[in-house]
Amino acid sequence: MEDFEKEMKDFFQRREIKPSTDVWQRMEHLLNEDKPVKQKSIKLYYLLSAAASVLLFVGLWIFFEKNPQSIPETKPIEAVVINNEPQKTDHKVNKKLSKESTVKKLSKTHTHSKNTSNVPPKIIVNKEPVVTEKLPITEKKEVYPVYDIKEEVFIAARSNVEIKVDPQRLLESAEVERKMNKAMPEEKSIFRDQRLWEIIKEKHNNFIGNFANTIEVE
Amino acid sequence: MNLKTPFSESELINQVQNNNRTAQKQLFDRFSPTMLSTCRQYIKDLHNAEDVMLCAFMKVFQNINQYRNDSSFEGWIRKIMIRESLSFLRSKKELDFIEDANQSVLSVVSDSYEISNDYQKLIDDLPKGCRYIFVLSVIEGYKHQEIAEMLNISVGTSKSQLAYAKKLLKQQIELIR
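Just so you know, these numbers come straight off a predicted model, no measurement behind them.

1. Quick notes on helix α1 (residues 9-17) of chain B
All names here are of chain B.
And then number 1: Looking at α1, one finds that the buried residues are Leu12, Ile13 and Val16. Each buried residue of α1 lies within a common arc of 100° when the element is viewed along its axis, so the set occupies one face.
And then number 2: Looking at the buried side of α1, the elements it contacts are α2 (21-42), α3 (46-62) and α4 (73-91).
And then number 3: Positioned one or two residues after α1, Asn19 has a phi angle of 60°, which is positive.

Shown next, in the form of structure tokens:
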């Protein structure tokens, strides 16, 4: 058996089988096919890298578009702090409070409400009691009610429309009402309303007249 | 330099490494008959064997830079041929081994063989499991450990399959004589 195996081994080691005549052509064809494959792979590599960079750019653009806060910018106002200083009930003080503090903060709060549309701004109200000095406005010392602007700020913060409040006119109308209440405490409310309406009408006509003059001048 | 003059083996390898087409043809012409014989030991169909040989030569040309001069160049090519042939057989699910060799029966026992050194037919008629192990072990000279790694089988299976192949061949030879 061992001899047989040796014979067999020698036979196979010496054996040659002539391939078919076109075998080199087939081989050459395979070799020629091999080169474009490499070129294609290189092209594909560049194509894939270009596509990846475009995707990355678009992704980043979308990301920053959706999250504008991720871009470093001025911090939005997170809360409206009502002035901690004691408020005087003087006209001047009220004007100052109305013009500088309230209106500006309203606009700021409104700006903030655009950024955080669903979340209303946090309102920090002064915990200390507002000190009201009893100063004479006319002849008697009276205490005017301090207008709590918390409600207005809150509404303005929620709404999309910017509300501008003229504090001077507001205070004037309040003053008129107070005077009327004082002057005619027992009169009927209808009469009081009529007087009030007349005053408002007068003011309105004055305003229109002033406005018309302004146009003529221009 | 005349490119039609045959290269020496080392020069041929260098030229093939440089993708010299003439050198590639010379290498192919020099080794293809032997390598086709090697492939044919494993693959019964000659056309399939030739296709496998072509694929194996492609790998030779692609990976010739990995060849180190510490071993025979022909042996290196032959290894590639054998691996490619086994890969082909694996793809055709021909590499199925029966652990209990007694269950397998020689397919053609009663055929009469002419004593014309038709060893190929003897091998072809062996059951496919033990056939490849016999060729790898007896003709190529691989050890059982190497065969086990190449065919993903245990060393014991390789040994038992080889013993079974030898037993069947012995029966055949006795019948012929």
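There's more to say after this.
2. Quick word on the side chain of Thr34(B)
And then number 1: Relative to the elements of secondary structure, Thr34(B) occurs in helix α2.
And then number 2: Sequence-distant contacts of Thr34(B), that is, excluding residues within four places in its chain, are made with Arg15(A), Glu16(A), Glu74(B) and Arg78(B).

3. Some thoughts on the state of the cysteines
All names here are of chain B.
And then number 1: Enumeration according to the criterion identifies zero disulfides over all chains in this entry.
And then number 2: Not part of a disulfide, Cys55 finds its nearest cysteine sulfur in Cys39, a span of 9.8 Å.
And then number 3: Since its relative accessible area comes to 39%, Cys55 is described here as partly exposed.

4. A short note on the environment of Met150(B)
Residue and element names in this part refer to chain B.
And then number 1: Residue position: Met150 is located in helix α7 (residues 144-151).
And then number 2: By relative accessible area, which is 12% here, Met150 ends up buried.
And then number 3: With 14 residues separating them in the primary sequence, Met150 and Leu136 have C-alpha atoms 9.8 Å apart.

5. Quick word on the pattern of salt bridges
Residues and elements named next belong to chain A.
And then number 1: Applying the stated criterion to the full structure yields ten salt bridges over all chains.
And then number 2: Across the pair Arg178 and Glu175 runs a salt bridge, and its minimum N-O distance is 3.0 Å. You can see Arg178 and its partner Glu175 sitting in helix α5 (residues 167-183), three residues apart, about one turn around the helix. Here the two residues Arg178 and Glu175 agree in accessibility, since each one is buried.

6. What to know about the nonpolar core
And then number 1: Grouped together as the largest cluster of nonpolar side chains are 65 residues, with contacts concentrated most on Leu27(B) and Phe57(B).
And then number 2: Element by element, the count of residues in this core is highest for α3(B), at nine residues.
And then number 3: In contact with Phe57(B), not counting residues within four places along its chain, are Met27(A), Leu27(B), Phe28(B), Phe31(B), Ser32(B), Met35(B) and Met81(B).

7. Remarks on α2(B)
Residue and element names in this part refer to chain B.
And then number 1: With 22 residues, α2 extends 29 Å from end C-alpha to end C-alpha; this agrees with the ideal 32 Å at 1.5 Å per step.
And then number 2: The principal kink in α2, of about 50°, is found at Ser32, preceding the proline Pro33 by one to four residues.
And then number 3: Most of α2 sits out of view: 17 of its 22 residues are buried.
And then number 4: Backbone nitrogen of Thr22 and a side-chain oxygen of the N-cap are separated by 3.0 Å at the start of α2; the cap is Asn20.

8. Re a nonpolar patch on the surface
Residues and elements named next belong to chain A.
And then number 1: Residues Val54, Phe57, Val58, Trp61 and Ile62 make up a contiguous nonpolar surface patch of about 510 Å² in total accessible area.
And then number 2: For Val58, the location among the structural elements is in helix α2 (residues 23-66).
And then number 3: Assessed through its relative accessible area of 36%, Val58 is described here as partly exposed.

9. Describing the interface of chain B and chain A
Interfaces are often sized by the amount of accessible area the parts lose when they come together.
And then number 1: Across the contact, 32 residues belong to chain B and 24 residues belong to chain A.
And then number 2: Interface area for chain B against chain A, summed over the two sides, is near 2,800 Å², with a carbon-plus-sulfur share of 68%.
And then number 3: With a closest N to O distance of 3.6 Å, Lys166(B) and Glu5(A) form a salt bridge.
And then number 4: At the surface where chain B touches chain A, the tally comes to eight residue pairs in polar contact (both at pLDDT 80 or more).
And then number 5: For the side of chain B that touches chain A, the secondary-structure elements that each account for two or more residues are α2, α3, α5 (119-124), α6 (128-139) and α8 (155-176) of chain B.
And then number 6: With eleven residues, the single largest contributor to the side of chain B that touches chain A is α2(B).

Cut-off values and rules
- Residues numbered from 1 in each chain as written.
- Chains lettered and ligands numbered in written order.
- Predicted model: local features only at pLDDT ≥ 70, side-chain atom pairs only at ≥ 80, totals over all residues.
- Heavy atoms only, no water.
- Buried < 20%, exposed > 50% of the residue type's maximum accessible area, 1.4 Å probe, protein only.
- Helix = DSSP H or I, 4+ residues; strand = E, 2+ residues; numbered from the N terminus.
- Arc of directions from axis to C-beta.
- Contact = heavy atoms within 4.5 Å.
- Disulfide = S-S within 2.5 Å.
- Salt bridge = Lys/Arg side-chain N within 4 Å of Asp/Glu carboxyl O.
- Core = buried A, V, L, I, M, F, W, Y, C linked by side-chain atoms within 4.5 Å.
- Expected span 1.5 Å × (residues − 1).
- Bend = angle between axes of the 7 residues up to and from the residue.
- Polar contact = N/O pair within 3.5 Å; in protein donor to acceptor, adjacent residues only side chain to side chain.
- Patch = residues over 30% accessible without salt bridge, like charges linked within 9 Å, V, L, I, M, F, W, Y side chains within 5 Å.
- Areas by Shrake-Rupley, 256 points an atom, 1.4 Å probe, with all protein chains shown as cover.
- Buried area = accessible area lost by both parts, 1.4 Å probe.

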